[in-house]
Amino acid sequence: MAVALAAAVSAVAALRGALSFTLPSAAGLSLRGAERSVAERGAFKLPEAPSSTGASSLAVGALAMAAVAAAARRQRSSGIAMRAVSEIAQIKLLCTGGKATPAPPVGPAIGSYGLNIAMFVKEFNALTSDKVGDVCPCIVHVFSDKSFSIELKTPPTAALLHKAVGADKGAGKPGTEIIGKIDMAKLEEISRIKLPDLNVEDIHRAMKIIHGTAVASGVEVEGYDEWVKAKGPPKPKTILSRWGPGIKKLPAPWGEGPPLEDAAGGGMMEEVKM
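Computed from a prediction, not measured in an experiment: that's the story for all the values here.

Reading the values: the criteria
Residues numbered from 1 in each chain as written. Predicted model: local features only at pLDDT ≥ 70, side-chain atom pairs only at ≥ 80, totals over all residues. Heavy atoms only, no water. Salt bridge = Lys/Arg side-chain N within 4 Å of Asp/Glu carboxyl O. Helix = DSSP H or I, 4+ residues; strand = E, 2+ residues; numbered from the N terminus. Buried < 20%, exposed > 50% of the residue type's maximum accessible area, 1.4 Å probe, protein only. 1 Å grid on protein atoms, 1.4 Å probe; cavity = no way out; pocket = protein on both sides within 12 Å on 5 of 7 lines; lining within 4 Å. Points joined across faces, edges and corners; volume = space filled by probe spheres on them. Nonpolar A, V, L, I, M, F, W, Y, C, P; charged D, E, K, R; others polar. Phe/Tyr/Trp six-rings, centres within 6.5 Å; stacked < 30°, edge-to-face > 60°. Pairing = 2+ DSSP bridges. Axes fitted to C-alpha atoms, helices over the stretch in contact; angles between N-to-C directions. Contact = heavy atoms within 4.5 Å. Polar contact = N/O pair within 3.5 Å; in protein donor to acceptor, adjacent residues only side chain to side chain.

1. Structural notes on the pattern of salt bridges
Okay, so step 1: Summed over all chains, the structure comprises 6 salt bridges.
Okay, so step 2: Where Glu-220 meets Lys-181, a salt bridge forms, and the shortest distance between an N and an O atom there is 4.0 Å. You can see Glu-220 sitting in strand β5 (residues 219-221) and its partner Lys-181 sitting in strand β4 (residues 180-182), a full 39 residues away along the chain.
Okay, so step 3: You can call Glu-220 partly exposed: its relative accessible area is 33%.
Okay, so step 4: With a closest N to O distance of 3.0 Å, Glu-188 and Arg-192 form a salt bridge. Within this pair, Glu-188 and its partner Arg-192 are both found in helix α7 (residues 184-194), separated by 4 residues, close to a single helical turn.
Okay, so step 5: Here Glu-188 falls in the partly exposed class, since its relative accessible area comes to 30%.

2. Description of the layout of surface pockets
Okay, so step 1: Of the pockets and cavities examined, the second largest pocket occupies roughly 180 Å³.
Okay, so step 2: If you trace the second largest pocket, you find it lined by Gly-175, Ile-178, His-211, Val-215, Gly-218, Val-219, Glu-220, Val-221, Gly-223, Tyr-224, Asp-225 and Glu-226.
Okay, so step 3: Among the secondary structure elements, those contributing two or more residues to the lining of the second largest pocket are α8 (203-217), β5 and α9 (224-231).
Okay, so step 4: By residue class, the composition of the lining of the second largest pocket is 5 nonpolar, 4 polar and 3 charged.

3. With respect to the packing of aromatic side chains
Okay, so step 1: Tallying each qualifying case throughout the model produces 3 aromatic pairs.
Okay, so step 2: Ring geometry for Phe-120 against Phe-124: centres 6.0 Å apart, planes inclined by 25 degrees, an arrangement best described as stacked. Remark: Phe-124 and Phe-120 occur in helix α5 (residues 117-127); sequence separation between them is 4 residues, near one turn of the helix. For the pair shown, Phe-120 and Phe-124 are each scored as buried.
Okay, so step 3: Here the aromatic rings of Tyr-224 and Trp-227 are separated by 5.7 Å at their centres, their planes lie at 35 degrees, and the arrangement is tilted. One end of the pair, Tyr-224, and the other, Trp-227, are both in helix α9, 3 residues apart, so they sit about a helical turn from each other. Here the two residues Tyr-224 and Trp-227 agree in accessibility, since each one is buried.
Okay, so step 4: Cluster of aromatic residues (ring-pair linked, three or more members): Phe-120, Phe-124 and Phe-148.

4. Observations concerning unusual backbone geometry
Okay, so step 1: Residue Pro-104 is joined to Pro-105 through a cis peptide bond whose omega torsion reads 5 degrees.
Okay, so step 2: Residue position: Pro-105 is located in the loop between β1 (87-96) and α4 (106-111).
Okay, so step 3: With a phi close to 65 degrees, Lys-146 is a non-glycine residue in the positive phi region.
Okay, so step 4: Of note, Lys-146 is situated in the loop between β2 (135-143) and β3 (148-152).

5. Some thoughts on the sheet that holds β2
Okay, so step 1: Strand order in the open sheet made by the 3 strands is β1-β2-β3, with antiparallel pairing throughout. Of all the strands in the sheet, the pair left with one neighbour each is β1 and β3. Taking each pair of neighbouring strands and ignoring which way they run, the sheet shows an average axis angle of 25 degrees.
Okay, so step 2: Bridging between β1 and β2 involves 9 bridges; their strand directions are antiparallel. By the bridge assignment, Glu-87 is partnered in β2 with Phe-143.
Okay, so step 3: Most of the contacts of α5 go to β3, to which it runs at about 30 degrees, and overall it touches β1, β2 and β3.

6. Some details on the side chain of Thr-154
Okay, so step 1: Inspection of the secondary structure assignment puts Thr-154 in the loop between β3 and α6 (157-165).
Okay, so step 2: On the basis of relative accessibility, which here comes to 14%, the residue Thr-154 falls in the buried class.
Okay, so step 3: A polar contact is formed between the side chain of Thr-154 and the side chain of Lys-194, at a distance of 3.1 Å.
Okay, so step 4: Side chain to side chain, Thr-154 and Asp-197 meet in a polar contact 2.5 Å long.
Okay, so step 5: Once you skip the residues sitting within four places of it in the chain, Thr-154 turns out to touch Pro-137, Ile-193, Lys-194 and Asp-197.

7. Looking at the pairing of β3
Okay, so step 1: Across 5 bridges, β2 lies against β3 in antiparallel orientation. When the sheet's bridge partners are listed, His-141 is paired in β3 with Ser-149.
Okay, so step 2: Hairpin connection of β2 to β3: 4 residues between the antiparallel strands, including Lys-146 at a positive phi of 65 degrees.

Next up, the structure:
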């Protein structure tokens, strides 16, 4: 880029020499009243056409200036391409699958961050085309360049239970009012749908969580008490076996597993017999 800039400076100097001319005397520049005659106007002469050397210098200067401009454009474009895009906000929405519209609450929530509302509606409806009519919660991740991404969540547990029993809403008096009944197969089906969003990893504890929501919504689960007594969540041997594979990360006791690697020497530690 420095070489191109030097060439441009030399070309401009040559062009300046080729186009230089001498102005007429001060008498020829007099502008008093109407005394300026036609002859005085002719005192200004246009510069002669540049010679072949001047023309070549002009061409070289133009090429050099174009190269400098191209380099500057590349530098600006590379700077824009390397600009970091960060997440600035998250919007939680509760929309109907396949039927999102720009009407409130979607429009105001999306438009307040300067996002394209029509693009969001189109993308959300495309993602939920197989869940038309279901309640589909989502999290909209907003980025600094006014782009976004949609993270779909599983439907609310209460909505799944109400749909299973054919009710519009839950019981007004939970514990005493029953709005419908489901069997254990339906409870397991709903539990498997909600499992990705729950803080448990096995289906048995997920079914216990969903059953708690069913009781609060006035939905009775037939055969649940018998299932708890016969096939309830298995009791863990230790607290580590319940909350994850933490016990698997512990080194094997001496004599009950492979020898441990020596972290210092990179070899194998020999078992010492006392």
